[in-house]
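# Reading the structure
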Amino acid sequence: MKTNNQPYDEKTNQVIEALRPHHDLKPSAALRDRMLQAAERELDLQQPNSTKPFTLRLWRWGGALLSAAAAIALAVVIVGHSPAYAARKYLEGAVKAMSETKSLEIALRIRTLEEENFEYTHPQADFVPHKVKVVYGTPTLWRIEKAGRTMLYNGVKGYQWIPSTQSGWVMEGEYSDGMVDLLTHPNRLLEAEIALARSTRDASYEMTEYPGSICLVVEMPAQGDYSESDYQLNTSILESNTRRTYHFDRESGRLTYACIVGIFDREERVLLEIDSIRYDEPLDIVALTALPNDYAWSERAIPETNHTILSGISPEEAARQILTAMQDWDKQTLNVALHFYPGHAHEIIKDHYKGVELLEVGKAFRSGAYPGVFVPCRISKPNGTKEELQLALRNDNRQQIWLVDGGL
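Residues numbered from 1 in each chain as written. Predicted model: local features only at pLDDT ≥ 70, side-chain atom pairs only at ≥ 80, totals over all residues. Heavy atoms only, no water.

### Re the pattern of salt bridges
In the structure shown here, the tally under the stated rule is 16 salt bridges. The partner of E105 in a salt bridge is R278, and the shortest N-O contact between them spans 4.0 Å. In this pair, E105 sits in strand β1 (residues 103-111) while R278 sits in strand β11 (residues 268-279), placing the two residues 173 residues apart along the sequence. R278 sits in the partly exposed class, given a relative accessible area of 41%. The closest approach of N and O atoms between D280 and R254, which form a salt bridge, is 2.7 Å. A residue pair is termed long-range when its members are at least 10 positions apart, and D280 in the loop between β11 and α8 (285-288) and R254 in the loop between β9 (242-249) and β10 (255-263) qualify at 26 residues. Accessibility expressed as a relative area gives 32% for D280, which makes it partly exposed. (Salt bridge = Lys/Arg side-chain N within 4 Å of Asp/Glu carboxyl O. Helix = DSSP H or I, 4+ residues; strand = E, 2+ residues; numbered from the N terminus. Buried < 20%, exposed > 50% of the residue type's maximum accessible area, 1.4 Å probe, protein only.)

### A few points about unusual backbone geometry
In this structure, P139 follows T138 across a cis peptide bond, with omega equal to 5°. If you trace the backbone, P139 turns up in the loop between β2 (127-135) and β3 (141-146). If you check the backbone angles, D280 has positive phi at about 60° while not being a glycine.

### Let's talk about the pairing of β1
Summarising burial for β1: seven of the nine residues are buried, a large majority. Bridge count between β1 and β11: seven bridges; the pairing is antiparallel. Looking at the pairing, R109 lines up with E273 of β11. (Pairing = 2+ DSSP bridges.)

### Overview of the confidence of the model for the protein
Scored by pLDDT, the protein has a mean of 78; 75% of the residues are at 70 or more. In this model residues 15-32 is a low-confidence stretch, pLDDT under 50, and it forms 45 contacts with partners more than four residues away in sequence or in other chains. Taken as a whole, residues 42-81 scores under 50 in pLDDT and shows 41 contacts with residues more than four places along the chain or in a different chain. (pLDDT = per-residue confidence, 0-100. Contact = heavy atoms within 4.5 Å.)

Structure (structure tokens):
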């Protein structure tokens, strides 16, 4: 966990960048404080006994007496008393409180599908209960689970599995999925909000103080690039226009409640709501890191391969090669292309797509925060039925091989 004097770690910076609207930020808190202190010192030297409001005294301060530091301070003082500035102060207190946390248990509900990845949300889906357990330390251990999917990190490897297929993935090191990061490391979400609170151009902030708690409400536009297509809009929390409500304990500064509401054209829907948060309760490490028995595990890391037919080509051509390979089920190509799918999933895909005829490949497009592209395709199955696909392809690996990441 981070303390106030430590720089953000790489994953926190990734979260901040994902949440950050793409525009220039206002001066940092440290810079504002230094300028305010400089301006106040100069004011005290000029009018040590004045009791008039600071901004009024500054306004009457002659041009020859108005230093550059004081001139800038006039602008930032107005920002400094804004809701965003006050929000940042309370968020900083919450981050400090999180830095002292030893363990965390969260029970929450998300509108999603049980077997879908933890990033996926849908406003019309039912709520699916999630449980998050974390033991902070060196290393940090965590587990997040819902009925159809589980992920954990045991300090060395990350695991993710789907009970219905009795299969899963394993990788060296910790998974870096955005939503998983936010759930297992809430300080990263709070730190991202701090960065956003320094600029109110694309976000609004409202704070309410109660005797025992602080309520902060943030409205934030959908993040990502939708210049080519809005296909990914409203498919995840980061890719939705949202209103985020946080409650903090006034005495400890700890987060006690969070709710994220998606704001759509004709309605608002709760996408995520925390039911309970428990801090510093003893957790069973053996149970936290336990794995299921008799599962087929696939390595998540991209394997080195000499099969380069899917590299150095356009995404449209890659889609064509992959779907054509499904006609006779060319294992050499498909074992590479379907690398992100665990072993049992290959058989399911084979049952559904073997023998298909490719009818059309459309132009690839980018949408939202997805690091790859989407390729519209139309196929004909052996029984004569037609199917429209939006094949998700990404090649952000060392060999730049196009891999299927979704759409089947």
